[in-house]
Protein chains: 2
Amino acid sequence: MKYHRIPDETVRRLPVYLRGLLFLSDHKQNISSRNLADFISVNDSQIRKDFSYFGAFGTPGVGYDIRKLIRQIKKMLNLSVSHKAALVGAGNLGSAILAYPGFRMYGFDIAAAFDNDPKKIGREINNVRIEDISSLRTLERRKISLAIIAVPRDAAQQTADALVKAGVKGILNFSPLRITAPKKVKVITIDIAMELARLPYYI
Amino acid sequence: MKYHRIPDETVRRLPVYLRGLLFLSDHKQNISSRNLADFISVNDSQIRKDFSYFGAFGTPGVGYDIRKLIRQIKKMLNLSVSHKAALVGAGNLGSAILAYPGFRMYGFDIAAAFDNDPKKIGREINNVRIEDISSLRTLERRKISLAIIAVPRDAAQQTADALVKAGVKGILNFSPLRITAPKKVKVITIDIAMELARLPYYI
DNA sequence: TCGTACTTGAGCTCACATTCACAAACCGGC
DNA sequence: GCCGGTTTGTGAATGTGAGCTCAAGTACGA
Ligand SMILES: NC(=O)c1ccc[n+]([C@@H]2O[C@H](COP(=O)([O-])OP(=O)(O)OC[C@H]3O[C@@H](n4cnc5c(N)ncnc54)[C@H](O)[C@@H]3O)[C@@H](O)[C@H]2O)c1
Ligand SMILES: NC(=O)c1ccc[n+]([C@@H]2O[C@H](COP(=O)([O-])OP(=O)(O)OC[C@H]3O[C@@H](n4cnc5c(N)ncnc54)[C@H](O)[C@@H]3O)[C@@H](O)[C@H]2O)c1
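Note that the coordinates shown come from a computational prediction; the quantities given were computed from them, not determined experimentally.

Here is what the cut-offs are and how they apply
Residues numbered from 1 in each chain as written. Chains lettered and ligands numbered in written order. Predicted model: local features only at pLDDT ≥ 70, side-chain atom pairs only at ≥ 80, totals over all residues. Heavy atoms only, no water. Buried < 20%, exposed > 50% of the residue type's maximum accessible area, 1.4 Å probe, protein only. Helix = DSSP H or I, 4+ residues; strand = E, 2+ residues; numbered from the N terminus. Right-handed = clockwise from strand over helix to strand, strands pointing away. Pairing = 2+ DSSP bridges. Contact = heavy atoms within 4.5 Å. Near = heavy atom within 4 Å. Polar contact = N/O pair within 3.5 Å; in protein donor to acceptor, adjacent residues only side chain to side chain. Areas by Shrake-Rupley, 256 points an atom, 1.4 Å probe, with all protein chains shown as cover. Nonpolar A, V, L, I, M, F, W, Y, C, P; charged D, E, K, R; others polar.

## Brief notes about the pairing of strand β8 (residues 170–173) of chain A
Here is the key point about a regular strand: its side chains alternate between the two faces of the sheet.
Residue and element names in this part refer to chain A.
Line of reasoning, step 1. The two faces of β8 match: Gly 170 and Leu 172 on one face and Ile 171 and Asn 173 on the other face are all buried.
Line of reasoning, step 2. The β-α-β motif built from strand β7 (residues 146–149), the intervening helix α7 (residues 153–165) and the parallel element β8 has right-handed crossover chirality.
Line of reasoning, step 3. Pairing of β8 with strand β9 (residues 186–189) involves four bridges; the strand directions are parallel. Opposite Asn 173, over in β9, you have Thr 189 as the bridge partner.

Rendered as structure tokens:
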């Protein structure tokens, strides 16, 4: 094992591996890169290379210990501990996200939700009470360092600024706007319409 | 101008340029690659190279004619004509997508919605009536060749198969499953939880 | 103990993507 | 018509990732 910076593309694939391995861990104990590759449709040497970035622990002739691998990937992704996240903007998309149980699989807990619409404040979705946006600053005290932005485009930047001020370290942004934030804060943007816009090119 | 295959990475950036340019077209007539680069945070020679793949039409000393550029990018992305899309799965996420007006910007029209839940069939969201999933085969006749999958994971593959059979050529998939489809059908998957899972790595 | 079948880990090569650097093109003013 | 200031378009250089290959490690049965 050598010290390597992990390539971004590998970081992008790690959650894919993790999801597949979590599924497989119910059925098997070991798996070869070849079998895993077939299961999630990637190249097998790609997998071995990715794993090699954070240490070699496969056994030649046998493969990888699935549970050990899961632990290792979680550790690399910093998912060994559960993370709390806050949702800002409990509109159409925000409500869907609040209702979605699939984040638990990776150890996420959407522990708070905020909106600025008095009609929505106080309502509960999936056991999370929607709070007034002015309470954002409680996030630090509540040890919530991730946030999901689902407010309209024009409110996105100011929301991001407020989140940064509240000590948030990572933002998942659904608004179709390039949000600027200090370098120490990581922003990942999912622009759904833009993905759709890519589709006609291929047909 | 020479004949080039357009790299995938460029295709991924074209909608970004398009969005920025649509915004800028309200304010200016021309823009240099440098200014556009600042606006959307990419490298300026990247932009020039990307544009060069589909023909040179900038003016040295002046920059690019924004409206011409928009036309050209739309043409490359096959967005010059408006596209109809169908939504399958009018649950939490699907309803949010149906209600979202932002797809029009790229010329998309969500013209149909399907579900298999009798309670949902017949309801209307944003002037689109939810139809029974068994009517999927009408898509071809209605000239709908794009689809958005927002059904639960376990129904995703069968939904995709049915869509392919109904003549759909491109699929935007929200289920956390790697869908397999014939090569002639392009599938783009957005796995929201997976994007979130990537966030803690960077913090 | 040995042979066979299997699998890892890593070096290597090829392909693709990004960035640099600069000649050539253009504008506007004088 | 020419000059100074800009900006394009593109080859060349650099950076990054994907996939092939194979020596070496392991399991297991004979
Ligand atoms: N719904 C979709 O399918 C979809 C698709 C692509 C992108 N998006 C983007 O996601 C975001 C949300 O979309 P949506 O459909 O849920 O919109 P929405 O209008 O349904 O919800 C927005 C919510 O944000 C709240 N809000 C507005 N300003 C706020 C502020 N300053 N602080 C806190 N809360 C505020 C509103 O009260 C509302 O509840 C938008 O930026 C949209 O562009 C949505
Ligand atoms: N809601 C989110 O924030 C979110 C986040 C990430 C991923 N996803 C994924 O998006 C998909 C939809 O999520 P959701 O939260 O809207 O779920 P949901 O349960 O609210 O909606 C699913 C809808 O699909 C319909 N359906 C089920 N089987 C069907 C079939 N065979 N044919 C047609 N319709 C069928 C159901 O009646 C329901 O209306 C899921 O795959 C989920 O994993 C959702």
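## A word on the side chain of Ser 175 of chain B
Line of reasoning, step 1. Inspection of the secondary structure puts Ser 175 of chain B in the loop between β8 (170–173) and β9 (186–189).
Line of reasoning, step 2. Excluding residues within four positions of it along the chain, Ser 175 of chain B makes contact with Ile 149, Val 151, Arg 153, Ala 156 and Thr 189 of chain B.

## Re the site of ligand 1
Line of reasoning, step 1. Every one of the 23 residues lining ligand 1 counts as a neighbour, but Asn 92, Leu 93, Asp 115, Lys 120 and Val 151 of chain A are closest to it.
Line of reasoning, step 2. Of the chains in the model, those with residues near ligand 1 are chains A and B.
Line of reasoning, step 3. A distance of 2.8 Å separates an oxygen atom of ligand 1 from a polar atom in the side chain of Lys 120 of chain A.
Line of reasoning, step 4. Side-chain polar atom of Tyr 100 of chain B to an oxygen atom of ligand 1: 3.0 Å apart, as the coordinates give it.
Line of reasoning, step 5. With the chains in place, 86% of the 820 Å² that ligand 1 exposes on its own is no longer accessible.
Line of reasoning, step 6. Secondary-structure elements contributing two or more residues to the shell around ligand 1 are α5 (92–99) and α7 of chain A together with α5 (92–99) of chain B.

## A look at the side chain of Asn 173 of chain B
Residues and elements named next belong to chain B.
Line of reasoning, step 1. Along the chain, the position of Asn 173 falls in strand β8.
Line of reasoning, step 2. The class of Asn 173 is buried, set by a relative accessible area of 0%.
Line of reasoning, step 3. Aside from chain neighbours lying at most four places away, what touches Asn 173 is Ile 149, Ile 179, Val 187, Ile 188, Thr 189 and Ile 190.

## A short note on the site of ligand 2
Line of reasoning, step 1. Lining the immediate environment of ligand 2, one finds 23 residues, of which Asn 92, Leu 93, Asp 115, Lys 120 and Val 151 of chain B sit closest.
Line of reasoning, step 2. More than one chain reaches ligand 2: its neighbouring residues belong to chains A and B.
Line of reasoning, step 3. Within the side chain of Lys 120 of chain B, one N or O atom sits 2.8 Å away from an oxygen atom of ligand 2.
Line of reasoning, step 4. Note that an oxygen atom of ligand 2 is positioned 2.6 Å from one of the backbone N or O atoms of Val 151 of chain B.
Line of reasoning, step 5. The protein chains hide 86% of the 820 Å² of surface that ligand 2 would expose on its own.
Line of reasoning, step 6. Secondary-structure elements contributing two or more residues to the shell around ligand 2 are α5 of chain A together with α5 and α7 (153–165) of chain B.
Line of reasoning, step 7. Top contributing element to the shell around ligand 2 by residue count: α7 of chain B, with three residues.
Line of reasoning, step 8. Considered class by class, the residues forming the shell around ligand 2 number 13 nonpolar, six polar and four charged.

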